[in-house]
Amino acid sequence: MMVNKLQSYHIITFGCQMNEYDSEVMAGLLEQMGYQAAPRPEDADIVLVNTCCVRQSAENKILGLIGRLRKYKKARPHMVIGIGGCMTQQKETAQKLKERFPHLDFIFGTHNVHELPDLINQSLTKKKRLLAWHPESAGIPEGLPVKRNSGIKAWVPIMLGCNNFCTYCIVPYVRGRERSRRPEQIVQEVRNLISQGYKEVTLLGQNVNSYGQDLDSGINFAGLLRLLAEETNIPRLRFVTSHPKDFSPELIEVMKTYPAICEHIHLPVQAGSNKVLQEMNRKYSREYYLALAEKIYREIPGVAITTDIMVGFPGETEEDFAQTMDIVRKVRFANAYMFVYNPRRGTPAAERSDQVPDEIKVERIKQLVETQNRITLELNQAEVGRVHEVLVEGTSKSNPGVLSGHTRTNKTVLLEGQHIAPGQIIQIKITRGTLTYLEGKPVAGF
Ligand code: SAH
Ligand code: SF4
Ligand code: F3S
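Some thoughts on the packing of helix H10 (residues 286–299) against helix H11 (residues 318–331)
Stage number 1. Axis separation between H10 and H11 bottoms out at 11 Å; the angle between their running directions is 10 degrees. By the angle between their directions, the pair H10 and H11 is classed as roughly parallel. For the pair H10 and H11, the contacting residues are Arg286, Tyr289, Leu290, Ala293 and Tyr297 in the first and Gln323, Asp326, Ile327, Lys330 and Val331 in the second.
Stage number 2. Residue classes in the contact of H10 with H11 are distributed as 6 nonpolar, 1 polar and 3 charged.

Here's what the structure looks like:
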């Protein structure tokens, strides 16, 4: 291995859990090369930015950050800056960034993460600016080192890419087609995590419910969960994201059968009007979604359903929006990520001439957030007095000094004044519920 004069790295991550995981792989590769993590980008010798392009707001933040990095590099001229992820998987964007920002040393797409050591070595030795970009993945790179942020909870991707092409969404264009990892690889990774002391695994995919369709082994997502529950003794198992169209009765059965599988389903509804759902290419109706949510609530006691919702999709009328508000009130989601529709270049919805004016979008998101927040608060307040199984994860980010963890339903619980070792799974009685977290105390005997 090459002896580096450089010592430390810092990675800044935008976007979803898949990106967080990719950053953990980047960190793993850098540590394997001998670099150490630096807490601040301005002190690092290598700075990587892992980008997201799902909405303009993410792109704007990233452009601002790239500007700041120029200053850091002025103060530390040997700094090497690399930028990767979904934004740079758009070839035009990657080329524009390269032209516009000479302080970026290398740019790489989502299918080039494993080439990072080579990119860094080339930047250091050849002093040439590089662009590493492939239109499609050459398969799933297995066996890459992963430096995880937590020692208690781990992300495990089970599939990459997306085949759904929702008409508003850029993800299929920047993540490629669906590729499922082989079940043996996933089981092995989970076993390794258990032996390292991990207590919870979250299986990742843009649409985990279509897992296995591209494999020859006949396994589906319910089968994978069954396999993991039977062949490993992982204490807690979660998964995101579930596309409603592929959510099977078999999956509900598996969730009921195995105690390791947590009672939380992230089930993005996106909209409540059949016209909008159809134009989004979501392939389900509001009636289907309502019936599915009702079945989930009925069959899995105590389950929490969370969601993603969008307002202001092109052509969305007052009546369409009223249908979204109606579905939100009917399902009573435990929590929701709520977005204003934002046109993404290259997607069909962005081409439409009937874009909703900004003032209307702003008014609708305000109403939606108000209603959903009221529901979330009501549901959290109703938790007071109930007992939940909580995985204690460490001190709270927003409240240092206070222990925090999550219920099986994925609600944050703060444990004020308690001394419990992180990694423990304990029974907690809820004493208070707010919009964003619960508070609780261990039940007697713990
Ligand atoms: N694969 C997941 C997540 C995709 S991105 C899924 O299918 O649910 C996360 C969320 O961002 C989406 O669920 C959607 O609500 C939102 N989103 C995607 N494209 C968007 C756009 N163009 N404008 C606003 N929100 C968008
Ligand atoms: Fe985007 Fe739809 Fe795929 Fe989710 S399922 S990543 S929203 S195209
Ligand atoms: Fe963003 Fe890419 Fe995830 S666009 S939401 S980081 S898949």
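A look at the nonpolar core
Stage number 1. Grouped together as the largest cluster of nonpolar side chains are 69 residues, with contacts concentrated most on Leu203, Phe221, Tyr289 and Ile296.
Stage number 2. In terms of residue count, the dominant contributor to this core is helix H7 (residues 221–231) (6 residues).
Stage number 3. Setting aside residues up to four positions removed in sequence, Tyr289 forms contacts with Pro244, Leu267, Pro268, Val269, Tyr284, Ile305, Thr307, Ile327, Val331 and Phe333.

Things to note about the site of ligand 1
Stage number 1. Around ligand 1, a shell composed of 14 residues is seen, among which Arg55, Gln206, Gln270, Asp308 and Asn342 lie nearest.
Stage number 2. The separation between an oxygen atom of ligand 1 and a polar side-chain atom of Gln270 is 2.7 Å.
Stage number 3. Within the contact set of ligand 1, an oxygen atom lies 2.6 Å away from a side-chain nitrogen or oxygen of Asp308.
Stage number 4. Contact with the protein chains removes 89% of the 540 Å² of surface that ligand 1 exposes when unbound.
Stage number 5. Mapped by element, the contributors of at least two residues to the shell around ligand 1 are strand S13 (304–311) and strand S14 (335–340).
Stage number 6. Here the residues of the shell around ligand 1 sort into 7 nonpolar, 4 polar and 3 charged.

Side note on the sheet that holds strand S11 (residues 236–240)
Stage number 1. The 3 strands lie next to each other as S7-S10-S11, forming an open sheet whose pairing is parallel. With partners counted over all chains shown, the strands left at the sheet margins are strand S7 (153–157) and S11, one partner each. Direction aside, neighbouring strands of the sheet carry axes that sit 25 degrees apart on average.
Stage number 2. Each of S7, strand S10 (200–204) and S11 is contacted by helix H1 (residues 17–32), which is oriented at about 100 degrees to S7, the strand it contacts most.

Points about the environment of Arg386
Stage number 1. By the secondary structure assignment, Arg386 is in the loop between helix H12 (358–381) and strand S15 (387–395).
Stage number 2. As for Arg386 and Ile66, which are separated by 320 residues in sequence, their C-alpha atoms are 47 Å apart.

Quick notes on the sheet that holds strand S5 (residues 106–108)
Stage number 1. In space, the 6 strands of this open sheet follow the order S2-S1-S3-S4-S5-S6, with parallel pairing throughout. Two strands bound the open sheet, and with one partner strand each, they are strand S2 (36–37) and strand S6 (130–132).
Stage number 2. Those strands touched by helix H4 (residues 116–126) are strand S3 (46–51), strand S4 (80–85), S5 and S6, and its axis lies near 160 degrees from that of S5.

A few points about the environment of Tyr288
Stage number 1. With respect to the secondary-structure elements, Tyr288 resides in helix H10.
Stage number 2. Separated by 136 residues in sequence, Tyr288 and Ile152 place their C-alpha atoms 37 Å apart.
Stage number 3. Residues in contact with Tyr288, not counting those within four places in the same chain, are Pro244, Lys245 and Phe247.

With respect to the domain arrangement of the chain
Stage number 1. Domain boundaries in the chain define domain 1 (8–132), domain 2 (153–381) and domain 3 (387–442).
Stage number 2. The C-alpha centroid of domain 3 is placed 35 Å from the C-alpha centroid of domain 1.

Describing the pattern of salt bridges
Stage number 1. Under the criterion given, the structure shown has 39 salt bridges.
Stage number 2. With a closest N to O distance of 2.7 Å, Arg76 and Asp45 form a salt bridge. Within this pair, whereas Arg76 is found in the loop between helix H2 (56–75) and S4, its partner Asp45 is found in the loop between S2 and S3, the two being separated by 31 residues in sequence.
Stage number 3. Of the residues examined, Asp45 reaches a relative accessible area of 6% and is grouped as buried.
Stage number 4. The partner of Asp326 in a salt bridge is Arg286, and the shortest N-O contact between them spans 2.5 Å. Pair noted here: Asp326 is in helix H11 and Arg286 is in helix H10, with a separation of 40 residues, a long-range link.
Stage number 5. Classification of Asp326 by relative accessible area gives partly exposed; the value is 21%.
Stage number 6. What emerges from the salt-bridge pattern is a single network uniting Glu200, Arg236, Arg238, Glu263, Glu389 and Arg408.

Observations regarding the pairing of S10
Stage number 1. Burial runs high along S10: 5 of the 5 residues are buried.
Stage number 2. Residues Glu200, Thr202 and Leu204 line one face of S10 and the alternating positions Val201 and Leu203 line the opposite face, and both faces are buried.
Stage number 3. In this sheet, S10 lies alongside S7 in parallel orientation, the contact comprising 5 bridges. Considered in S10, the bridge of Ala154 is made with Val201.
Stage number 4. Where S10 and S11 come together, 5 bridges link them in parallel fashion. Within S11, the position partnered with Leu203 by the bridge is Phe239.
Stage number 5. With respect to chirality, the unit in which S10 leads through H7 into the neighbouring parallel S11 is right-handed.

Quick look at the packing of H11 against H12
Stage number 1. For the pair H11 and H12, interaxial distance at closest approach is 10 Å and the crossing angle is 10 degrees. In terms of their interaxial angle, H11 and H12 are classed as roughly parallel. Touching Glu318, Phe321, Thr324, Met325, Val328 and Arg329 of H11 are Arg364, Gln367, Leu368, Thr371, Gln372 and Ile375, all from H12.
Stage number 2. By residue class, the composition of the contact of H11 with H12 is 5 nonpolar, 4 polar and 3 charged.

Conventions we followed
Residues numbered from 1 in each chain as written. Chains lettered and ligands numbered in written order. Predicted model: local features only at pLDDT ≥ 70, side-chain atom pairs only at ≥ 80, totals over all residues. Heavy atoms only, no water. Axes fitted to C-alpha atoms, helices over the stretch in contact; angles between N-to-C directions. Helix = DSSP H or I, 4+ residues; strand = E, 2+ residues; numbered from the N terminus. Parallel < 35°, antiparallel > 145°, perpendicular 65-115°, else oblique. Contact = heavy atoms within 4.5 Å. Nonpolar A, V, L, I, M, F, W, Y, C, P; charged D, E, K, R; others polar. Core = buried A, V, L, I, M, F, W, Y, C linked by side-chain atoms within 4.5 Å. Buried < 20%, exposed > 50% of the residue type's maximum accessible area, 1.4 Å probe, protein only. Near = heavy atom within 4 Å. Polar contact = N/O pair within 3.5 Å; in protein donor to acceptor, adjacent residues only side chain to side chain. Areas by Shrake-Rupley, 256 points an atom, 1.4 Å probe, with all protein chains shown as cover. Pairing = 2+ DSSP bridges. Domains from an automatic or database assignment. Salt bridge = Lys/Arg side-chain N within 4 Å of Asp/Glu carboxyl O. Right-handed = clockwise from strand over helix to strand, strands pointing away.

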